[in-house]
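# Residue-level structural notes
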Amino acid sequence: MQDHDWLARLEGLESRIAYQEHWLDTLDQAVAAQETRLAALERMSELMQARLRQQQHALNDSQGDQASLDDERPPHY
C-alpha cells in the first residue's frame, strides 16, 4: 500500500475513535444524571414510606382510643 492509503485509513480510524469517544462521554453523562435522579427518587420513596407508616400508626392509635370509649358504660347506668 502507498503512504496515501495508509494515511487515509489512519484518518478514518481516528475519526471513528473520536466519534465513539464523543458518544461514550454523552452516555456517561446520561448514566450519571440517571443515577442522581434515581437516588433522589429512592430517598423520596423512603420518606413517603416513613410518613405512611406514621399515619398508619396514628390511625391505629386513634381507632384504639375509640374502641375503648365505646366499651365504657354510659354514666346513667
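For the structure, see preceding data.
What this report covers is the structure whose coordinates are included nearby. (Residues numbered from 1 in each chain as written. Predicted model: local features only at pLDDT ≥ 70, side-chain atom pairs only at ≥ 80, totals over all residues. Heavy atoms only, no water.)

Check the secondary structure of the chain and you find 1 helix and 0 strands. Summed over all atoms, the accessible surface of the chain reaches about 7700 Å², with 55% contributed by carbon and sulfur. (Helix = DSSP H or I, 4+ residues; strand = E, 2+ residues; numbered from the N terminus. Areas by Shrake-Rupley, 256 points an atom, 1.4 Å probe, with all protein chains shown as cover.)

The next subject is the pattern of salt bridges. Pairing is possible between side chains of opposite charge, provided their charged atoms come close. Applying the stated criterion across every chain, the model contains 1 salt bridge. In this structure, the salt-bridge partner of R43 is E46, at a minimum N-O distance of 3.5 Å. With R43 and E46 both in helix α1 (residues 3–71) and 3 residues apart, the pair spans about one turn of that helix. Residue classification places R43 among the partly exposed positions, given a relative accessible area of 48%. (Salt bridge = Lys/Arg side-chain N within 4 Å of Asp/Glu carboxyl O. Buried < 20%, exposed > 50% of the residue type's maximum accessible area, 1.4 Å probe, protein only.)

This part takes up a nonpolar patch on the surface. A cluster of nonpolar side chains, L41, M44 and M48, forms an exposed patch at the surface whose accessible area comes to about 290 Å². Within the element layout of this structure, L41 appears in helix α1. What makes L41 partly exposed here is its relative accessible area of 39%. (Patch = residues over 30% accessible without salt bridge, like charges linked within 9 Å, V, L, I, M, F, W, Y side chains within 5 Å.)

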